[in-house]
Amino acid sequence: MTHFLEPNRIPIFQIGDCLLLTIQVDLEDRMIMTLKDDLAERIAKTHAKGVLIDISALDVVDSFIGRMLANISAIARILDAATVIVGMRPAVAITLVELGMSLQGVRTALDVDRGMELIRRESSEGAERLHEA
Amino acid sequence: MRPEAGRPEAGRGENSAETIPIRTGADVSRVRRSVATAMAVIGASRIETTRMVTAASELARNTLDYGGGGEVLIAVVGRMTRRKVELVFTDHGPGISDMSKALTDGYSTGGGLGLGLSGARRLCKEFEIRSVPGEGTVVKVASWTERP
Amino acid sequence: MPDSTGSNLPGLLSRYQDRILTDWIAAQSEVGVLRADLMREAELRRQSRSFLSHLIAATKNGLNFDIESEQWQDVRDMLTEVTNFRVDHGFTPTETATFILALKQPIFECLRDQYKDDPATLVNEAWSATVLLDKLGLYTNDIYLRGREDIIQRQQQEMLELSTPVVQLWDRIVALPLIGTLDSARAQIVMENLLEAVVESKAEIVIIDITGVPTVDTLVAQHLLKTAAAAKLMGAECIISGIRPQIAQTIVHLGVELPQVATKADLQSAFAHALKRTGVTFSATKPAHTR
């Protein structure tokens, strides 16, 4: 199943055991709902260990999008995948803080590489813990 | 409800005003784009633009979700050194009966985070709200460029 | 060419050009506008001669009092040059305007000689000359102010940039040593610069060292918190170092909590903490002389 060519749908790529989605457009509410459904399905299907959401192209993150990111992260966690939000711009970060959103429980990284690093580190730490037990 | 409190001030310069209806989620995106354009006209910084566009997004969504739709007037006013972008959101929804509660962080009647009004107030340099229960709500916000 | 104002001033200026120039320079020296400590007489002579010939050129097709119009372009440029020279060399606004105003006396004297039998024309011409020179004098004032404003603005910008250096300490670790009082405007710029630096240097840890900040009030504490929270959203961690005992007391007294931020007493401990966080370890080797 390919989402690539469908308009108004954010494509989800698989890199190793991670899923990567890049949000590049001014998000409309409908797309966000579709995205949540698509992503949950893909995580379950691929047994992905991590989800990277690249928002470096986003000029604005309001509380609605912030809530969506937190939701995605919560859903992924239940499906045993870690979510990392990567590439948030300085102006967006300042605005989110002033808005009163700290995105608690959501992990962040500077870029996709660092996000991947974070997921690998955490899943290997998790595996070690499992091994010790 | 008529936006008396929220009528943009008259000023000199290349001023402009535009009204955008807020009926669907796509209109919220349109509002964001128009506010970003207006902020570019007054030469606002990136961070100031982000603040104002984010506030506009919150308020537009409030208008849609709680006011049952409405409209926003986006105006560029003022003279060369002190130019302002003013936004006036108007709806004819149920209005707000407890204003102080509505302006509190985390208070929501619509299942959101309750950051809409309080967050927008923190992001804008000017914030004004009038609401009459049963008639509707008018929110006016403004931002301007700082000249050192 | 007929003159719209009917003034003979343009003709008079070119007829008596040499005499006016000599008297003008003398008048400037007399009223102390020639600040020998600030500019050489040759320079004053050059500026005066050049201005006078531009003035004659601008009025040769008739006297026009609208000095913002096209025909005054060269004169305005010349005045801008003359004024900026004086701004740079420390002249006062009065001294700068007097460059123009000192031209009145020599022109009036020429008028008096020319129209000594015609008092009505003399008064009219003197009036024209006064109006024109006052306008040009005030114009130098505007330029003077604009020049000063530019300087102030540039210095403010430079100062703000100077006051927020971001230093790379190690791969993925940057430090921001803050010196001086933080007001709201500066705290805002510090925050923006720091977050931009996080993006540029791909820093995972940012140390904000406040050893050089004399006081921390609620506002400063809140800005530091906000910066730390924003950095965290971008994927970087903030450490605040250099918290002096009395500042620690103030922070507690103000009831400000710093939950998201690691705090360290000095830059050294903050750096050690940062290295540990990024997984860098050092081991001591034996000093060479003991081998």
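The name given to chain C in an unreviewed UniProt entry is Polyvinylalcohol dehydrogenase, with the source organism recorded as Skermanella aerolata.

Chain B is annotated in an unreviewed UniProt entry as Anti-sigma regulatory factor of Skermanella aerolata.

Draft legend 1. Focus on the nonpolar core. With 113 residues, the main nonpolar core has A:Ile53, A:Ala93, C:Val206 and C:Met234 as its most contacted residues. Look past the residues within four positions of A:Ile53 in its chain and what remains in contact with it is A:Leu21, A:Ile23, A:Leu69, A:Ile72, A:Thr83, A:Ile85 and A:Val86. By size, the runner-up hydrophobic cluster in this structure holds 28 residues, among which are C:Leu44, C:Leu52, C:Leu103 and C:Tyr139.

Draft legend 2. Looking closely at the sheet that holds strand S5 (residues 262–264) of chain C. Residues and elements named next belong to chain C. Ordered by their spatial adjacency, 5 strands build an open sheet running S1-S2-S3-S4-S5, and the pairing between neighbours is mixed. A single partner strand is all that each edge strand has here, and the edge strands are strand S1 (167–170) and S5. On average, each strand axis in the sheet is inclined to that of its neighbour by 30°, with strand direction left out of account. In the sheet, strand S3 (residues 205–212) pairs with strand S4 (residues 237–241) via 5 bridges, with the strands oriented parallel.

Draft legend 3. Focus on the interface of chain A and chain B. On the chain B side, the residues contacting the 18 residues of chain A number 23 residues. A total of 6 residues in the side of chain A that touches chain B trace back to one element, the largest contributor, which is helix H3 (residues 90–99) of chain A. Considering only residue class, the side of chain A that touches chain B consists of 7 nonpolar, 3 polar and 8 charged.

Draft legend 4. Just the sheet that holds strand S1 (residues 12–15) of chain A, in detail. Residue and element names in this part refer to chain A. Taken together, the 5 strands give an open sheet; going across it, the order is S1-S2-S3-S4-S5, and neighbouring strands pair in mixed fashion. Only two strands of the sheet have a single neighbouring strand rather than two, namely S1 and strand S5 (107–109). In this sheet, adjacent strand axes meet at a mean angle of 30° when their direction is disregarded. Where S1 meets strand S2 (residues 18–22), 4 bridges bridge the pair, whose relative direction is antiparallel. Residue Ile12 lies in a different strand from S2, and its bridge partner there is Leu21. Sheet contacts for helix H2 (residues 63–78): strand S3 (50–54) and strand S4 (82–86); angle to S4, the most-contacted strand, approximately 155°.

Draft legend 5. Molecular detail of the confidence of the model for chain C. On average, chain C scores 85 in pLDDT, and the residues at 70 or more come to 93%. Taken together, the chains of this predicted complex give a pTM of 0.70 and an interface ipTM of 0.87.

Draft legend 6. Inspection of the confidence of the model for chain B at higher detail. Scored by pLDDT, chain B has a mean of 82; 80% of the residues are at 70 or more. In the predicted structure, residues 1–13 of chain B sits below a pLDDT of 50 and forms 32 contacts with residues beyond four places in sequence or in another chain.

Draft legend 7. Seen up close, the interface of chain A and chain C. With 13 residues of chain A at the contact, the number on the chain C side is 14 residues. Of all the elements in the fold, those that place two or more residues in the side of chain A that touches chain C are H3 and S5 of chain A. Ranked by residue count, the leading element in the side of chain A that touches chain C is H3(A), at 5 residues. The class makeup of the residues in the side of chain A that touches chain C is 10 nonpolar, 2 polar and 1 charged.

Draft legend 8. Fine view of the pairing of S3(A). All names here are of chain A. Of all 5 residues that make up S3, 5 are buried, and the element is covered over most of its length. Residue alternation in S3 divides its side chains into two sets, Gly50, Leu52 and Asp54 and Val51 and Ile53, and both sets are buried. Strand direction decides the pairing type here: S2 and S3, joined by 5 bridges, are parallel. From the neighbouring strand, Thr22 faces S3, where its bridge partner is Asp54. Bridge analysis of S3 against S4 gives 5 bridges, and the strand direction is parallel. By the bridge assignment for S4, Asp54 is matched with Val86. Between S3 and its parallel partner S4, the chain crosses via H2, and the hand of that crossover is right-handed.

About the cut-offs
- Residues numbered from 1 in each chain as written.
- Chains lettered and ligands numbered in written order.
- Predicted model: local features only at pLDDT ≥ 70, side-chain atom pairs only at ≥ 80, totals over all residues.
- Core = buried A, V, L, I, M, F, W, Y, C linked by C-beta atoms within 7 Å.
- Buried ≥ 20, exposed ≤ 12 C-beta atoms within 10 Å, placed from the backbone.
- Contact = placed C-beta atoms within 7 Å.
- Pairing = 2+ DSSP bridges.
- Helix = DSSP H or I, 4+ residues; strand = E, 2+ residues; numbered from the N terminus.
- Axes fitted to C-alpha atoms, helices over the stretch in contact; angles between N-to-C directions.
- Nonpolar A, V, L, I, M, F, W, Y, C, P; charged D, E, K, R; others polar.
- pLDDT = per-residue confidence, 0-100.
- Right-handed = clockwise from strand over helix to strand, strands pointing away.

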